[in-house]
Amino acid sequence: MEQDRIISLNNVTISHEEGVVLRKVNFTMCKGEFVYLIGKSGAGKTSLLRTLYADSPLEQGSGVVCGFSLAGMKRRQIPMLRRRLGIVFQNFQLLTDRNVYDNLAFVLRSIGWEKKQLIDDRIMEVLEAVGVADKASFQTTRLSEGERQRVGIARALVNTPDLILADDPTGNLDPITSSEIMQLLTDINRKSGVSMLISTHDFMMIDKFPARVICCEDGTLVDPQLDDEAQ
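Residues numbered from 1 in each chain as written. Predicted model: local features only at pLDDT ≥ 70, side-chain atom pairs only at ≥ 80, totals over all residues. Heavy atoms only, no water.

How do you make sense of the packing of aromatic side chains when you look at a structure like this?
Aromatic ring pairs are reported here in terms of the distance separating the ring centres and the angle at which the planes meet. Counted by the stated rule, this structure contains one aromatic pair. Seen in terms of ring centroids, phenylalanine 34 and tyrosine 36 are 5.3 Å apart; in terms of plane orientation they differ by 75°. Their pairing is edge-to-face. Comparing phenylalanine 34 with tyrosine 36 shows no difference in burial state: the two are buried. Against the face of phenylalanine 138 rests arginine 142, its NZ or CZ located 4.2 Å from the ring centre. (Phe/Tyr/Trp six-rings, centres within 6.5 Å; stacked < 30°, edge-to-face > 60°. Buried < 20%, exposed > 50% of the residue type's maximum accessible area, 1.4 Å probe, protein only. Lys NZ or Arg CZ within 6 Å of the ring centre and 35° of its normal.)

Please clarify how the sheet that holds strand S8 (residues 195-199) should be interpreted in this entry.
Pairing between sheet strands relies on hydrogen bonds along the backbone, with the strands arranged either parallel or antiparallel. The mixed open sheet is built from six strands, whose spatial order is S6-S7-S8-S3-S9-S10. The open sheet has two free edges, formed respectively by strand S6 (85-89) and strand S10 (220-222), since each of these has just one partner strand. On average, adjacent strands in this sheet sit at an angle of 20° to one another, irrespective of strand direction. As defined by bridge partners, strand S9 (residues 212-217) adjoins S10 across three bridges and the pair is classed as antiparallel. Following the sheet pairing, glutamate 217 is matched in S10 by threonine 220. (Pairing = 2+ DSSP bridges. Helix = DSSP H or I, 4+ residues; strand = E, 2+ residues; numbered from the N terminus. Axes fitted to C-alpha atoms, helices over the stretch in contact; angles between N-to-C directions.)

Explain the environment of leucine 49 here, please?
Inspection of the secondary structure assignment puts leucine 49 in helix H1 (residues 45-52). For leucine 49 and alanine 154, which are 105 residues apart along the polypeptide, the C-alpha to C-alpha distance reads 19 Å.

Put into structure tokens, the structure is as follows:
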């Protein structure tokens, strides 16, 4: 049903700076789902995610994310959409001139949180959830890559999103740390019900933590599960 959908794309064209990368994209993701997005480098995974969080405009087709229509989205609507999202990046994109606490406080203050006690409580809650509560006062440059990604996940969670978009979150991590991060993401999905769309090249992680898989392939988005059901 429509109200159960967190993402709905219909005949969407996805572009980046060099032109069209995906055509006739049709994709539906339900609330609470955990979905992997795979494909070769340059196949359009990052461009698709950027379209979903309105960093790139949707120029053709129709798309709805967290109840917001992407087609013709006004600039003033983008912050409202992003309040419903959490975004995790491969290269972390933490503020290196601030400590862990201040990275998360920046997010909360930017969406209107003012009371220090509420900010403190929420930050420590999510840092505890991702296993780095003892690093709150650390500069992000002092953290290991695995710890930085845990902080990146905490930052994505801090505003209590409906949907997390993660762009190759284990791409810079060793196999053991990658497994820990994927375990963390699957646990968060299971316990909190937040929907997750995870772009990845790591097929070992997909085998270890199986879920629905969609693929950027031959200039479009393919859902192998639907193909199998159709046969």
